[in-house]
Amino acid sequence: MKVLLFGSYDLHQNCNITKIEGLKSIGVGIKECREEFSLSLRQEKTSYNFSKLIIIGIKLFFNQIKLFAKYLKIRDYDVMLVLYPGHADMVLAKIISIFSGKKLVFYPFISAYQTLVFQRKFLGKNSLKTKFFFLLDKISCMLADKVLLDSNAKIDYFSKTFNLDKKKFERIFLGAPSYFYPKNAEPNKKFTVLFYGSFIQNEDLNLIVETAKLLKNEEIRFRLIGKETALAPIKKMKEWYNLKNIDVRIPLGVFTCI
């Protein structure tokens, strides 16, 4: 079996890395049709102004032309897989799948609508842009023959929010990339709560610190791993509350923990 990875998917995201490694590990042949399209500023609220969205749309149009040109050189595959963040690639992918007769699988990883409106609160609940991202989620999933998500809770959310048949979805666990391995160390004497992430805007890390404050006399420690710039406010709060049960670390080239 041969799978064609299609779109502008992010090769730095663990959610994509694990899917590619997983396919290779079971002997699935991999082909790639990818055109880089940076969304590095997607975590900034200002990136969702109308003017910037229009500019992104224009750039995306030309990106899709380049992507289609690359596809014309592709031969011999069985299934097309659009990885995260491939919502905007799904229309072109569907057109190609219709004419090629190949099945189309989509791995959205997250809901753009839920993330921008409710998690990060970048958009108002009733704005025109909010309706656009709602339709982006809904239509991109409708176009796929199968949609892969990491949990049953996500499947429930997508099917109920966007009125989609649950049979369209399949759960596939997130997994961990091959470079992840547990550090060879003595077993913990204390119960450890680990948070490892990018500490995106509006992610309520204050809640973790407040929880650590409430549990400072318990045999529980909190280990937070992320970028140095993002961890700076946490370090200040740790010092302010004089919390000894918080361990703040910056990851090295290979992620090890515990």
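Here, the structure is the one placed above.
Thresholds, definitions, all that
Residues numbered from 1 in each chain as written. Predicted model: local features only at pLDDT ≥ 70, side-chain atom pairs only at ≥ 80, totals over all residues. Heavy atoms only, no water. Helix = DSSP H or I, 4+ residues; strand = E, 2+ residues; numbered from the N terminus. Contact = heavy atoms within 4.5 Å. Areas by Shrake-Rupley, 256 points an atom, 1.4 Å probe, with all protein chains shown as cover. Axes fitted to C-alpha atoms, helices over the stretch in contact; angles between N-to-C directions. Parallel < 35°, antiparallel > 145°, perpendicular 65-115°, else oblique. Nonpolar A, V, L, I, M, F, W, Y, C, P; charged D, E, K, R; others polar. Phe/Tyr/Trp six-rings, centres within 6.5 Å; stacked < 30°, edge-to-face > 60°. Buried < 20%, exposed > 50% of the residue type's maximum accessible area, 1.4 Å probe, protein only. Pairing = 2+ DSSP bridges. Left-handed = near helix turned anticlockwise from the far one by under 90°.

Peer 1: How should the overall build of the protein chain be read in this particular structure?
Peer 2: The helix and strand tally for the protein chain stands at eight helices and nine strands. The long-range share in the protein chain, meaning contacts at least 24 apart out of those at least 6 apart in sequence, stands at 72%. For the protein chain, the computed accessible surface area is about 15500 Å², with 60% contributed by carbon and sulfur atoms.

Peer 1: How should the packing of helix H4 (residues 112-119) against helix H5 (residues 128-143) be read in this particular structure?
Peer 2: The angle between the axes and the distance between the axes are what describe a pair of packed helices. Remark: H4 packs on H5, axes separated minimally by 7 Å, with the N-to-C direction vectors making an angle of 150 degrees. Between H4 and H5, the angle falls in the class roughly antiparallel. Judged by residue contacts, Ala-112, Tyr-113, Gln-114, Leu-116 and Val-117 of H4 engage Thr-130, Phe-133, Phe-134 and Asp-137 from H5. Here the contact of H4 with H5 is built from residues that sort into six nonpolar, two polar and one charged.

Peer 1: Help me understand the packing of aromatic side chains in this model?
Peer 2: As enumerated under the stated definition, the model contains 14 aromatic pairs in all. Seen from their ring centres, Phe-6 and Tyr-71 are 6.4 Å apart, and the 85 degrees between their planes marks the pair as edge-to-face. Of this pair, Phe-6 sits in strand E1 (residues 2-7) while Tyr-71 is found in helix H2 (residues 50-71), placing the two residues 65 residues apart along the sequence. The two residues Phe-6 and Tyr-71 agree in class, both being buried.

Peer 1: Would you explain the sheet that holds E1 in this entry?
Peer 2: Hydrogen bonds between backbone groups are what pair the strands of a sheet, and the pairing can be parallel or antiparallel. Taken in spatial order, the six strands line up as E2-E1-E3-E4-E5-E6 in an open sheet, and their pairing is parallel. In the strand order of this sheet, the two ends are held by strand E2 (29-34) and strand E6 (169-171), each with one partner. On average, each strand axis in the sheet is tilted by 25 degrees relative to the strand beside it, whichever way the strands run. This element, helix H6 (residues 152-161), spans strand E5 (146-149) and E6 of the sheet and lies at about 165 degrees to E6.

Peer 1: I would appreciate a short explanation of the packing of H2 against helix H3 (residues 90-100) in the present structure.
Peer 2: Contact pair H2 / H3: the axes reach a minimum separation of 11 Å and the direction vectors enclose 25 degrees. Taken as axis vectors, H2 and H3 run roughly parallel relative to one another. Judged by the sense of rotation from one axis to the other, the crossing of H2 with H3 is right-handed. Note on element contacts: H3 touches H2 through Leu-92, Ile-96 and Ser-100, opposite Gln-64, Leu-67, Phe-68 and Tyr-71. The residue inventory of the contact of H2 with H3, partitioned by class, reads five nonpolar, two polar and no charged.

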